[in-house]
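Here is how the chains run, residue by residue.
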Amino acid sequence: MAQDKTKRPETPRPIRGTQDMLGDSADRFAHVVDTFERVRKLYGFRRIEVPVFEATAVFARSLGESTDVVAKEMYSFEDRGGDSLTLRPEFTAGIARAYITEGWQQYAPLKVATHGPLFRYERPQKGRYRQFHQIDAEIIGAAEPLADVELLCFADQLLKELGINDGVTLTLNTLGDAQSRDAWRAALVAHFEGHRDALSEDSVDRLARNPLRILDSKDPRDKAVVDAAPGIDAYLSDEAAAFFDKVTSGLDAAGVAWERNARLVRGLDYYRHTAFEFVTDRLGAQGTVLGGGRYDGLIENMGGPVTPAVGWAAGIERLGMLLDHIQSDALDVAFIPMGEAAEKVAVRILSELRRSGLVCEMGYRGNIKKRMQRANDARAKFAVIIGDDELAEDVAIVRNLQTGVQTKQPIEHLGQIPFSLLDGMSLGRAVDATGSIVDLLTGDQAPQ
RNA sequence: GCGAUCGUAGCUCAGUUGGUUAGAGCGCUGGUUUGUGGUACCAGAGGUCGGGGGUUCAAGACCCCUCGAUCGCCCCA
């Protein structure tokens, strides 16, 4: 009664930045993952699983100890033994760790793919959550530009098969090899130092912390200085230029459209050569749909052997938001038994049909009207109604829910004869027939 | 960490310059149809107006605090 309300325990709230999915959003999510799994096999990427949490050092090492990303934007905690653990904020570092500690070097060059939840301690906004999900693909132990090309073709085909390539562009850049990168970086710092007064406060800040990031500043005050900044091309070594050329000509050969974005950068030092992002303007402030690049320096940074590698990742939720329209799976047959005896018969036929691959359902409760409504809501093609009257005759009513035409059919036919043949005309019993399917037709076609 | 906007039924929302008993659509339950969905009609259930404090004869509305959400900034591995 009323006083029970005061006793009702308080329901714990969901954690900020987490999501519960049912219906449309869950269907979108599943469609992205299904498509990824299918396309990944076409490219020969092996499925792997890695832990959701690691020693904090795995991610701290890959990011460089000092960045505030490590301090402020990771979900870290101490376990009971006092060790610092972190919920994975990305896939690459954990995969790199596994590559070293599991001896996966023997499989190099190794093409792997995975998907699952990631965690970042950030304030949620459109297309950005604290627990989010990504699909991920990596090629480890391949220094060849062909690896970059294959990975990009994979990404391109995935987006096309998801039907979201419209309005999405592949933007591409090279960061060169270590020498090219360092030379360019020095030139950029010199340039920005020279125009310090013209920069926004944020960018003056970045100049000290992470000067490459000034290139993708959103502040309009920075635009002129950024536009005048030196591009990397003048600083590329011959080898680096040749590498980039092989990547772009490979994309052309494969028919993958791309645009050069000489301002596209990566903040971390282990990135080399190719950097890319598939971008859209349909997601508010979060424009990147899929991003990645070559990280030849990472595995070495983590104490492994010198190992070239390239990879990408994409947010499942973001991809899901870009999908046009997702139709949930329709039902082939809805069973509507009335009474316990009918229920038992229905359970038997239901099992047979499911084993033969039909999508079937039977509700647990409700009168016939209610169950018909449910069948209709589930977009069932057929309803099979069995009550005491039908049981007495050993028949079931098969109703086509699109046409509204229904017939009585011998129960033994269900599961043996396709529904397309049971649709609209009553069939006789096999024992009365001479062996030809035509003999089963009785001419009793009048719907109820 | 910072800024803006917003919290009213399960969902989406309305609610006048502060004024009696807080409304609609959808959904849910039941009925018209005791065994037939999609359409229609009728009825019913369902609300701590996010929470706390204040102003007032009177607060869903005004003020303060707090919690939460959304969008953006910072950051973006």
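Keep in mind it's a predicted model, so treat the numbers as computed, not measured. (Residues numbered from 1 in each chain as written. Chains lettered and ligands numbered in written order. Predicted model: local features only at pLDDT ≥ 70, side-chain atom pairs only at ≥ 80, totals over all residues. Heavy atoms only, no water.)

(A) Spotlight on the overall build of chain A. A count of helical and extended segments in chain A gives 16 helices and 16 strands. Taking 448 residues into account, the globule formula puts the C-alpha radius of gyration at 22 Å, and chain A, at 30 Å, lies well above it. Across its three principal axes, chain A shows a C-alpha extent of roughly 95 × 65 × 45 Å. Going through the 448 residues of chain A one by one, you find that 45% of them count as buried. Sequence separation of at least 24 residues holds for 66% of the intrachain contacts in chain A that already meet a minimum separation of 6. Element-wise, carbon and sulfur atoms account for 50% of the exposed surface of chain A, whose accessible area totals about 23300 Å². (Helix = DSSP H or I, 4+ residues; strand = E, 2+ residues; numbered from the N terminus. Rg over C-alpha atoms; globule rule 2.2 N^0.38 Å. Buried < 20%, exposed > 50% of the residue type's maximum accessible area, 1.4 Å probe, protein only. Contact = heavy atoms within 4.5 Å. Areas by Shrake-Rupley, 256 points an atom, 1.4 Å probe, with all protein chains shown as cover.)

(B) Summary view of the protein's contact with RNA strand B. Around RNA strand B, 42 residues are found, and the nearest of them are Arg206, Arg213, Lys370, Asn376 and Leu401. Arg206 has a polar side-chain atom sitting 2.6 Å from a phosphate oxygen of RNA strand B. A distance of 3.0 Å separates a phosphate oxygen of RNA strand B from a polar side-chain atom of Arg209. If one sorts the elements of the surface near RNA strand B by residue count, helix α14 (residues 368–377) sits on top with seven residues. Tallied by class, residues from the surface near RNA strand B come to twelve nonpolar, nine polar and 21 charged. (Near = heavy atom within 4 Å. Polar contact = N/O pair within 3.5 Å; in protein donor to acceptor, adjacent residues only side chain to side chain. Nonpolar A, V, L, I, M, F, W, Y, C, P; charged D, E, K, R; others polar.)

(C) Representation of the packing of helix α6 (residues 145–162) against helix α10 (residues 238–254). The contact between α6 and α10 brings their axes to 9 Å, and the two run at 40 degrees. Considering their axes alone, α6 and α10 lie oblique with respect to each other. The hand of the α6/α10 crossing is right-handed. Contact with α6, carried on its side by Pro145, Asp148, Val149, Leu152 and Cys153, involves Phe243, Lys246, Val247, Gly250, Leu251 and Ala254 of α10 and no other residues of that element. In the contact of α6 with α10, the residues fall into eight nonpolar, one polar and two charged. (Axes fitted to C-alpha atoms, helices over the stretch in contact; angles between N-to-C directions. Parallel < 35°, antiparallel > 145°, perpendicular 65-115°, else oblique. Left-handed = near helix turned anticlockwise from the far one by under 90°.)

(D) Representation of the confidence of the model for chain A. Residues at a pLDDT of 70 or more form 93% of chain A, whose mean pLDDT is 89. The model gives residues 443–448 a pLDDT under 50, and that stretch makes six contacts with residues more than four places away or in other chains. (pLDDT = per-residue confidence, 0-100.)

(E) Geometry of the sheet that holds strand β1 (residues 46–47). Strands sit in the order β1-β5-β6-β11-β10-β9-β7-β8 across an open sheet of eight strands; the sheet is mixed. The outermost strands of the open sheet, each flanked by one partner alone, are β1 and β8 (259–260). In the sheet, strand β6 (residues 131–140) pairs with strand β11 (residues 309–315) via seven bridges, with the strands oriented antiparallel. Residue pairing in the sheet places Gln134 in a bridge with Gly315 of β11. Seen against the sheet, α10 touches β7 (169–174), β8, β9 (272–279) and β10 (288–294) and runs at an angle of roughly 160 degrees to β7. (Pairing = 2+ DSSP bridges.)

(F) Structural context of the domain arrangement of chain A. Per the domain assignment, the segments making up chain A are domain 1 (24–177 + 237–322) and domain 2 (333–440). Between the C-alpha centres of domain 1 and domain 2 there is a distance of 50 Å. (Domains from an automatic or database assignment.)

(G) Local environment of a positive patch on the surface. Positive charge collects at one region of the surface, where Arg365, Lys369, Lys370 and Arg374 lie side by side. On the accessibility criterion, Arg365 (64% relative accessible area) is exposed. (Patch = residues over 30% accessible without salt bridge, like charges linked within 9 Å, V, L, I, M, F, W, Y side chains within 5 Å. Salt bridge = Lys/Arg side-chain N within 4 Å of Asp/Glu carboxyl O. Lys, Arg positive; Asp, Glu negative; His and termini not counted. Charge placed at Lys NZ, Arg CZ, Asp CG, Glu CD.)

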